[in-house]
Amino acid sequence: MTEQVDFLIIGSGIAGLSYALKVSDFGTVAIITKKQDSDSNTNYAQGGIAAVVSKEDSFEEHIQDTLKAGDGLAKREIVQKVVEAGPKCIKELQELEVRFSMKNSKEFDLGKEGGHSKNRVVHVADATGRELERVLLENVRKKKNIAIFENHLAIDLLTQHQRKKKSKRKEKIECWGAYVLNVETNQVEKYLAKITLIATGGAGRIYLHTTNPEIATGDGVAMAYRAGAEIANMEFFQFHPTSLFHPKGKYFLISETIRGEGGKLKLKSGETFMEKYHPLGDLAPRDVVARAIDAELKKTGDSCVYLDITFLDQDFIKQRFPNIYNYCLPLGIDITKQWIPVVPSAHYMCGGILTDAEGKTSLENLYACGEAAYTGLHGANRLASNSLLEGLAFARFASQSSKCLLSKLKWETFPEFYDWSVAGVFDQKEWVVLAHDREELQKIMWDYVGIVRSNSRLNKALKRIEILKEEIEAFYKANPVRYDLIQLRNMVTVAELVVLSALKRKESRGLHYTLDYPKKDDKKFLRDTILRKDLP
Ligand code: FAD
Ligand code: SIN
């Protein structure tokens, strides 16, 4: 089966849906998404969206906070463009009827998070993402020229490498859509598109412990890399300091806005410790807090630290953090009376597919947006709540740019592509290997490529990842494609990119901290780490 649309959007989180709503005004749109339409990191976002919407705040302060977090690598012009788009993005969401938490009919109730000098996090209690997904999906469903294909998993991009007639000249790589696995029929379909947007989100699942849901396997980055796109700054993986430490709440986040309301990190003994590590104490930037917890756990041998908000008014806690309160209560933790056990876990992929200020990648007709992209906003570390903002802002910029590009692309000049080939593959009935490989990969990444790194740990990781990659690639070539196999192939590719990038950065900056080079080296490393696959 072949689908043909003006815009192919891979992913139905904030980035994909926001772009879809905009480009549907000038073309036909297919959104493909690998599970149900709301399955995304977006759906789990708690804290909110950073934006300058109060008289006490200013663009310059938000810009400075973002640049500071980015530790020398965030690009001023991109930061400014995104920050200035913030209020417009929030206004548009209000027009779509997102029900933000308000102080009164005019003023937003603004949360605070680490690294922000002002209260500027617009939110919907502590379940901002769920409301955003609900509203964006509701609006997308109303649009006649948008079709959503659930349980459709993009496998690879269509470029000249899959073209029937190949040119002898070495030309710029162009993207014309993707091969997509229809998970219900198990058939691979061709989606031809004049413009493709990768909005596949992050890759937290390459780590054993993460706040990310199952979909976060880095597919977009892996696909783009295989197709020859430039990938930037993959060494910067953000660990959230406070994910719930409980056997039944493995992937649950405890929002930083709890610390924004005064929450205190404590050891088992009740001793606070963040004041030893940073003048901002509990509201220091995330990398500092995560490393401090890691150091305290190593010193004490404890399995977790605690977050205490029991001194706040009980009704306020229930009304401000209903999602966290209701999640923890059945697990035996009443957050109004008990400290919450927390540990750091993998949370956000700061690197990604390199784009320009309009969201264009290094491949023709291919855009990337949201967590899958590296736009220059976050640099070496992301300021809390800047990612939902980035998804919204870049969906705007990319849609404006796509409108101009679309008018130049013609179906008449579209090349022909091979159908997906199943020649030479047969089911070897050894699928159990995949679960083992996946677990091994997640452990390697957790043990050797975590919050504190070293050359020896990274080299160990690389050796093991290369072996896994070879095995998985051989399995992929011999067996029919399947959902878990495609994801694992992507996960191992992304893990390799993280390690290769980390090995290249022989300094400590932002989220990348290595015992071998504990200092920042602006002379040699005030630059992005860019990886690109050499293709024939
Ligand atoms: P996602 O929302 O992850 O969407 C990706 C989509 O791509 C999904 O629909 C997925 O199914 C689909 N997909 C992936 N691969 C494929 C494939 N191969 N084929 C088809 N479909 C595919 N950021 C903030 O700014 N503020 C917050 O308060 C905040 N809180 C967070 C809390 C949690 C628990 C987590 C995990 C993250 C949080 N973040 C927050 C980060 C933020 O939520 C994400 O960075 C952002 O939502 C990413 O949006 P996205 O559209 O890029 O990707
Ligand atoms: C949180 O609520 O702590 C998550 C915010 C973010 O990751 O931006």
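Details of the structure are given in the entry above.
Reading the values: the criteria
Residues numbered from 1 in each chain as written. Chains lettered and ligands numbered in written order. Predicted model: local features only at pLDDT ≥ 70, side-chain atom pairs only at ≥ 80, totals over all residues. Heavy atoms only, no water. Salt bridge = Lys/Arg side-chain N within 4 Å of Asp/Glu carboxyl O. Helix = DSSP H or I, 4+ residues; strand = E, 2+ residues; numbered from the N terminus. Buried < 20%, exposed > 50% of the residue type's maximum accessible area, 1.4 Å probe, protein only. Contact = heavy atoms within 4.5 Å. Pairing = 2+ DSSP bridges. Axes fitted to C-alpha atoms, helices over the stretch in contact; angles between N-to-C directions. Core = buried A, V, L, I, M, F, W, Y, C linked by side-chain atoms within 4.5 Å. Parallel < 35°, antiparallel > 145°, perpendicular 65-115°, else oblique. Left-handed = near helix turned anticlockwise from the far one by under 90°. Nonpolar A, V, L, I, M, F, W, Y, C, P; charged D, E, K, R; others polar. Near = heavy atom within 4 Å. Polar contact = N/O pair within 3.5 Å; in protein donor to acceptor, adjacent residues only side chain to side chain. Areas by Shrake-Rupley, 256 points an atom, 1.4 Å probe, with all protein chains shown as cover.

Undergrad: Please clarify how the pattern of salt bridges should be interpreted in this entry.
TA: Between side chains of opposite charge, a pair can form as their charged atoms come close. In total, this model carries 44 salt bridges according to the counting rule given. Here aspartate 294 ties to lysine 298 by a salt bridge, and the two come within 2.8 Å at their closest N and O atoms. With aspartate 294 and lysine 298 both in helix H7 (residues 286-300), this residue pair falls four residues apart, about one helical turn. For aspartate 294, a relative accessible area of 17% gives the class buried. Given the relative accessible area of 57%, lysine 298 is considered exposed. Salt bridges sharing partners connect three or more residues here, namely Glu235, Arg505, Glu507, Arg509 and Asp522.

Undergrad: Honestly, the environment of tyrosine 306 in this entry has me stumped. Any pointers?
TA: As for its placement among the helices and strands, tyrosine 306 is situated in strand E13 (residues 305-308). Sequence separation between tyrosine 306 and lysine 266 is 40 residues, and the spatial gap between their C-alpha atoms is 5.1 Å. Residue contacts for tyrosine 306: discarding those within four places in its chain leaves Lys264, Leu265, Lys266, Leu267, Lys268, Trp339, Ile340, Pro341 and Val342.

Undergrad: How should the sheet that holds strand E11 (residues 237-244) be read in this particular structure?
TA: Through backbone hydrogen bonds, the strands of a sheet pair up, either in parallel or in antiparallel fashion. Overall, antiparallel pairing links the four strands, which are arranged E11-E14-E13-E12 in an open sheet. In this open sheet, the two strands that pair with only one neighbour each are E11 and strand E12 (264-266). Sheet twist, expressed as the mean angle between neighbouring strand axes with direction ignored, is 45°. In the sheet, E12 pairs with E13 via three bridges, with the strands oriented antiparallel. Each residue of the ladder has a partner; that of leucine 265, found in E13, is leucine 307.

Undergrad: Explain the nonpolar core here, please?
TA: A general trend in soluble globular proteins is that nonpolar side chains are found buried together. Counting residues in each nonpolar core, the largest one holds 80 residues, and the members touching the most others are Leu8, Ile206, Tyr207, Met445, Ile465 and Val499. The element that contributes the greatest number of residues to this core is helix H13 (residues 483-504), accounting for 13 residues.

Undergrad: I keep staring at the packing of helix H11 (residues 432-448) against helix H12 (residues 455-478) and nothing clicks. Help me out?
TA: For any two helices packed against each other, the geometry comes down to the angle between their axes and how far apart the axes lie. Taken N-terminus to C-terminus, the directions of H11 and H12 make an angle of 160°; their axes are 10 Å apart at the nearest point. When the interaxial angle is binned, H11 and H12 end up roughly antiparallel. The two elements H11 and H12 meet at a crossing, and its hand is left-handed. When H11 is examined against H12, the residues Leu434, Asp437, Glu440, Leu441, Ile444, Met445, Asp447 and Tyr448 are found in contact with a partner set consisting of Arg457, Leu458, Lys460, Ala461, Arg464, Ile465, Leu468, Glu471, Ile472 and Phe475. Of the residues belonging to the contact of H11 with H12, the class tally is eleven nonpolar, no polar and seven charged.

Undergrad: Looking at this structure, how should I read the site of ligand 2?
TA: Within the structure, ligand 2 sits among Gln46, Gly47, Glu113, His240, Leu253, Ser255, Glu256, Arg286, His347, Arg382, Ala384 and Ser385. In the model, an oxygen atom of ligand 2 is placed 2.8 Å from a nitrogen or oxygen of the histidine 240 side chain. One nitrogen or oxygen atom from the main chain of glutamate 256 is found 2.6 Å from an oxygen atom belonging to ligand 2. When ligand 2 is considered free in solution it has 260 Å² of accessible area, and contact with the protein chains removes 92% of it. When its residues are assigned to classes, the shell around ligand 2 shows two nonpolar, six polar and four charged.

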